[in-house]
Amino acid sequence: MEDLDRMIVQLLLDDGRMSYTDLGRATGLSTSAVHQRVRRLEQRGVLRRYTAVVDPEAVGLPLTAFISVKPIDPSAPDDVPERLAGIAEIEACHSVAGEENYILKVRVATPGDLERLLGRIRTEAQVNTRTTVVLSTPYEARAPRLVREDPAAPGPAQPPR
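Worth saying up front: this structure is predicted, and the values here are computed from it rather than measured.

Caption draft 1: Here's a closer look at the packing of aromatic side chains. Per the counting criterion, the structure on display carries zero aromatic pairs. Its end group placed over the ring of Tyr-139, Arg-142 keeps NZ or CZ at 4.2 Å from the ring centre.

Caption draft 2: Here's a closer look at the packing of helix H1 (residues 3–14) against helix H2 (residues 20–27). Where H1 meets H2, the closest approach of the two axes is 10 Å, and the angle between their N-to-C directions is 130°. What the angle tells us is that H1 and H2 run oblique. Crossing angle aside, the handedness with which H1 passes H2 is right-handed. Packed against H1, whose contacting residues are Leu-4, Met-7, Ile-8, Leu-11 and Leu-12, the element H2 presents Leu-23, Ala-26 and Thr-27 at the interface.

Caption draft 3: Layout of the nonpolar core. Counting 18 residues, the largest nonpolar core has Ile-67, Val-69, Leu-84, Leu-104, Val-106, Leu-114 and Ile-121 as its most contacted members. Of all the secondary structure elements, the ones that give two or more residues to this core are strand S1 (63–71), helix H4 (80–84), strand S3 (102–108) and helix H5 (111–125). Tallying contributions element by element places H5 first for this core, with five residues. What Val-69 contacts, discounting residues up to four positions off in sequence, is Val-80, Glu-100, Asn-101, Tyr-102, Leu-104, Ile-121, Val-127, Asn-128 and Thr-129.

Caption draft 4: Highlighting the environment of Ile-90. For Ile-90, the location among the structural elements is in strand S2 (residues 90–95). Assessed through its relative accessible area of 16%, Ile-90 is described here as buried.

Caption draft 5: Molecular detail of the domain arrangement of the protein. Domain annotation for the protein reports domain 1 (3–44) and domain 2 (56–134). Centre-to-centre, using C-alpha coordinates, domain 1 lies 37 Å away from domain 2.

Caption draft 6: Representation of the layout of surface pockets in the model. In this structure, the largest pocket encloses a volume near 1400 Å³. Taken together, 34 residues form the lining of the largest pocket, with Arg-49, Thr-51, Ala-52, Val-53 and Ala-141 sitting closest to its centre. The set of elements that each furnish at least two residues to the lining of the largest pocket consists of H1, S1, S2 and S3. Among the elements that line the lining of the largest pocket, the one with the most residues is S2, at four residues. Of the residues assigned to the lining of the largest pocket, the class counts are 20 nonpolar, five polar and nine charged. Built from parts of two domains, the lining of the largest pocket gets at least three residues from each of domain 1 (3–44) and domain 2 (56–134). In this model, the second largest pocket occupies a volume close to 200 Å³.

Each value, and the rule that gives it
Residues numbered from 1 in each chain as written. Predicted model: local features only at pLDDT ≥ 70, side-chain atom pairs only at ≥ 80, totals over all residues. Heavy atoms only, no water. Phe/Tyr/Trp six-rings, centres within 6.5 Å; stacked < 30°, edge-to-face > 60°. Lys NZ or Arg CZ within 6 Å of the ring centre and 35° of its normal. Axes fitted to C-alpha atoms, helices over the stretch in contact; angles between N-to-C directions. Helix = DSSP H or I, 4+ residues; strand = E, 2+ residues; numbered from the N terminus. Parallel < 35°, antiparallel > 145°, perpendicular 65-115°, else oblique. Left-handed = near helix turned anticlockwise from the far one by under 90°. Contact = heavy atoms within 4.5 Å. Core = buried A, V, L, I, M, F, W, Y, C linked by side-chain atoms within 4.5 Å. Buried < 20%, exposed > 50% of the residue type's maximum accessible area, 1.4 Å probe, protein only. Domains from an automatic or database assignment. 1 Å grid on protein atoms, 1.4 Å probe; cavity = no way out; pocket = protein on both sides within 12 Å on 5 of 7 lines; lining within 4 Å. Points joined across faces, edges and corners; volume = space filled by probe spheres on them. Nonpolar A, V, L, I, M, F, W, Y, C, P; charged D, E, K, R; others polar.

Structural data, given as structure tokens:
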């Protein structure tokens, strides 16, 4: 990926609502050139979607947990993601190496909701579970840093501010 594309992606990671005009000012490109680059980044799958970040507590989902799952029958087809795809409380599903096959990140309102969700996951996916409840989250969903902070360091340059 070119340095200008990295700058555009980094700027959008920092502010996903930045206009093409502002992106152009920050990168030294015309508005139409920025628009073309963003469209190409979308077509290549570099920019996959634009979304709002919501405070889970503010929407009534204060309890976060990580649920590790492994199949009851190791010879069964590995279709856990498909079996669980329709469960809205599952925010993320990661295939992992180690004792378990997948780790799920879930958000629910109460411990009772978590208990019911665990039962549903076990039944629908035919898995054993191990659950870790989150006590606090100092930070999450941190965007990758695509451009260097120090202009003297090797690698793509930091966009002008």
